[in-house]
Amino acid sequence: MVELVLFIIFAVAAVFGAVTMIWARNPVYSAMGLMLTMFSIAVFYVSNGAHFIAAVQVIIYAGAVMTLFLFVIMLIGVDKAESRTENLPLQRPVALALMILFGAGVVIAGRSAWVTGITPAGTVPVNGSIEQIGDKLFNEWLLPFEVTALLLIIAAAGAIALAFFRDEEGQG
Amino acid sequence: MTDLLEKLFTTPLWSGLIKAVVAFALLMLTALILVWFERRVVAFMQNRIGPNRAGPFGVLQTLADGLKLLFKEGIRPRKVEVGLYLAAPVAAMIPAFLIFMVIPIGAPVHIGEATVTLQGADLNVAVLFILAISSLAVYAVVLAGWSSGSKYPLLGGVRATAQMISYEAAMGLALVPVVVLASALVADGDAGLGAMSFATLVDLQSGSFRGPIPGWFVFWLLPSFLIFFTAAVAETNRAPFDLVEAESEIVGGYHTEYSGFRFAMFFLAEYINMFNVCAIAVTLFLGGWLGPGADLPYIGWLVPVFWFLVKTYALLFLLVWIRATLPRFRYDQLMSLGWKRLIPLSLVWLVLFAVVRAWQSFGAPWR
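None of the values given here were measured: they were computed from a predicted structure.

**Some words on the overall build of chain A**
Stage number 1. If you tally the helices and strands in chain A, you get six helices and zero strands.
Stage number 2. In chain A, the order of α-helices and β-strands from amino to carboxyl end is α-α-α-α-α-α.
Stage number 3. Out of the 172 residues belonging to chain A, those deemed buried represent 22%.
Stage number 4. Contacts in chain A between residues at least 24 apart in sequence constitute 52% of all its contacts with a sequence separation of at least 6.
Stage number 5. Carbon together with sulfur atoms contributes 74% to the accessible area of chain A, which is approximately 12700 Å² in total.

**Some points on the environment of Phe267 of chain B**
Stage number 1. With respect to the helices and strands, Phe267 of chain B occurs in helix H12 (residues 260-285).
Stage number 2. Counting along the chain gives 114 residues from Phe267 of chain B to Pro153 of chain B, while the straight-line C-alpha distance between them is 15 Å.

**Describing the nonpolar core**
Residue and element names in this part refer to chain B.
Stage number 1. Counting 123 residues, the largest nonpolar core has Phe198, Phe228 and Phe285 as the members making the most contacts within it.
Stage number 2. It is H12 that provides the largest number of residues to this core, a total of 16 residues.
Stage number 3. Beyond its immediate sequence surroundings of up to four residues, Phe285 is in contact with Ala174, Leu175, Val178, Gln205, Trp216, Phe217, Val218, Leu221, Ser224, Phe225 and Phe228.
Stage number 4. Among the nonpolar cores identified, the runner-up in size contains five residues, and Phe9, Ile111, Ala114 and Val116 belong to it.

**Re the interface of chain A and chain B**
Stage number 1. With 25 residues of chain A at the contact, the number on the chain B side is 24 residues.
Stage number 2. On the chain A side of the contact with chain B, Tyr29, Ile59 and Met74 of chain A bury the most area, a combined 25% of that side's loss.
Stage number 3. The set of elements that each furnish at least two residues to the side of chain A that touches chain B consists of helix H2 (27-47) and helix H3 (51-76) of chain A.
Stage number 4. Tallying contributions element by element places H3 of chain A first for the side of chain A that touches chain B, with 15 residues.
Stage number 5. Partitioning the side of chain A that touches chain B into residue classes produces 19 nonpolar, six polar and no charged.

**Description of the packing of H2 of chain A against helix H6 (residues 138-147) of chain B**
Stage number 1. Between H2 of chain A and H6 of chain B, the least distance of the axes is 12 Å, while the angle of their chain directions is 160°. As judged from the angle between their axes, H2 of chain A and H6 of chain B are roughly antiparallel. Note that H2 of chain A runs across H6 of chain B; the crossing there is left-handed. Across the interface between the two elements, Val28, Tyr29, Met32 and Met35 of chain A from H2 of chain A touch Tyr139, Leu143 and Trp146 of chain B from H6 of chain B.

**Looking at the pattern of salt bridges**
Residues and elements named next belong to chain B.
Stage number 1. Enumeration according to the criterion identifies three salt bridges over all chains in this entry.
Stage number 2. The shortest N-O distance in the salt bridge between Arg323 and Glu38 comes to 2.9 Å. One end of the pair, Arg323, is in helix H13 (residues 302-325); the other, Glu38, is in helix H2 (residues 12-45), with 285 residues separating them in the sequence.
Stage number 3. A relative accessible area of 37% places Arg323 in the partly exposed class.
Stage number 4. What makes Glu38 buried here is its relative accessible area of 2%.
Stage number 5. The salt bridge partner of Asp332 is Arg330, with a shortest N-O separation of 2.9 Å.

**A word on the domain arrangement of chain A**
Stage number 1. Splitting chain A by domain gives domain 1 (1-80) and domain 2 (129-172).
Stage number 2. In this structure, domain 1 of chain A and domain 2 of chain A have C-alpha centres spaced 24 Å apart.

Calculation rules
Within every chain, residues take consecutive numbers counted from 1 along the sequence as written. Just so you know, chain letters begin at A and ligand numbers begin at 1, following the order they were written in. Per-residue local features are limited, in this predicted model, to residues with pLDDT of at least 70; the limit for side-chain atom pairs, both in listing and counting, is 80 or more; totals at the level of whole chains, interfaces and linings are taken over all residues. The side-chain quantities take in all heavy atoms of the structure and omit both hydrogens and water. Where helices and strands are cited, they refer to DSSP runs of H or I of at least four residues and of E of at least two residues respectively, numbered from the N terminus. Residue burial is assigned from relative accessible area. The probe radius is 1.4 Å, only protein chains are included, and a residue is buried under 20% of its type maximum, exposed over 50%, and partly exposed in between. Any two residues whose heavy atoms approach within 4.5 Å are treated as being in contact. Reported accessibility uses the Shrake-Rupley method at a 1.4 Å probe radius. Residues are deemed covered only where the shown protein chains occlude them. We define a nonpolar core as any set of buried Ala, Val, Leu, Ile, Met, Phe, Trp, Tyr and Cys residues linked to one another through side-chain atoms lying within 4.5 Å. Buried area counts how much accessible surface, traced with a 1.4 Å probe, disappears from two parts once they are put together, with both parts' losses summed. Just so you know the grouping, Ala, Val, Leu, Ile, Met, Phe, Trp, Tyr, Cys and Pro go in nonpolar, Asp, Glu, Lys and Arg go in charged, and all remaining residues, Gly too, go in polar. Axis angles are defined between N-to-C directions and span 0 to 180 degrees, where every axis is a line fitted to C-alpha atoms and, for a helix, only to the segment in contact. For classification purposes, angles smaller than 35 degrees are called roughly parallel, those larger than 145 roughly antiparallel, those between 65 and 115 roughly perpendicular, and all remaining angles oblique. Each crossing is labelled by how the near helix is turned from the far one, with a counterclockwise turn of less than a right angle marking it left-handed and a clockwise turn marking it right-handed. Salt bridges are defined as contacts in which a side-chain nitrogen from Lys or Arg sits within 4 Å of a carboxyl oxygen from Asp or Glu. Here the bounds of each domain stem from an automatic or database domain assignment.

Structure representation (structure tokens):
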């Protein structure tokens, strides 16, 4: 009962946040909408017993990523509302086609068994799932994990290098 | 009476409600005392007297100030973004209360058959929970700064983002050794305990370190404690890290355009956060509510609460002492302390500690 009420409240909040993110003219409201969606998703994780994932979701997405978004928005200038001119040709038809594709995907996914909420017996995490996640991540998936870390470092170093390079050339 | 209490605390809904109300009342009381405490201590350190008129030793001064703020006109400047401007003070209060809900302030109390934990909820990811909630606390400051539509609050908001992100990393890294140590201790004992639950962490510190020295984590993890406490002072925007509201540079920072009770809410949230970080430091490093005398008749259940408060107020005194002593950092000093000192230091300490623990658990690498 409590779970259902929570689900309804936060499902509405998540959808509202997503719509706000797209619709708001002011980028700060867009960022807040996205934050609301991220937080609502964390609540879903909690109600499914995945406390660790929920905490990480809030720390990384709602905490760090969105705060940096806000930081950037404020640095670039908060008074300017987003420009309403469309620069991409065929933007609307492509968006419509993608929307239909996505809708079809949701319908197909909704009919298949793995989203019906039936959990196989014995897979429910008992003592939080931190140990299980750590075990999987650092034993079974160690190589992909380390490769991802390397990729992220390359991306960060590349971003810094690009920024400095453009400053030296005087084009930045 | 006992029967009634027993019945109430075995019903999850009622016990939750009672705990929430008690926690709210306790935090309000704490904030009232803390404001007075800080003003008095700073006054004595500066060779002044401080508020001493309202009530005994001036302890009611904050209540008078709070009532004054409550009845003041709430001025709203014309250029504010109304929705976020009104939401920001509330957004400041919520994380402050949420963090307090996971801190155990005393030993579990037995009323008849019922066992009442003096803690809002014992999460098995409490350490991550406080990090998550404190990372949400920055929104209040940022949104207040942005929605005020004036430049000093905006500068305060931008500073707050940079500062909180920088010190959050150091704070999180300082807590990892605690979890490493706790999980090593848990591994020997009951497997059903979570190494991140605050109740478990307090229980794990009940042993002895060496001889009569209690087994508080601070003796194992002194560098972690120092890094955590420094980062926590920065997270609460207290001097010497109060660039967010530096009155000599940017008037009042994010709360420049706030008045009346909305200003009071920011003020309350700041003091509750001070109490929270000290309480977390006590719980994680200084043995929480552990202390002698918990087996006394009748008042035995109050003794742990007493020890918890004594330790927390000792740290709060330290916090006030730091504020009264150190001048404010410059912005670049703040950043270099966070990124070039605290984070590398905590990483080195974490690796060192993990290697030593692994050595103890698995033996030397060449064997």
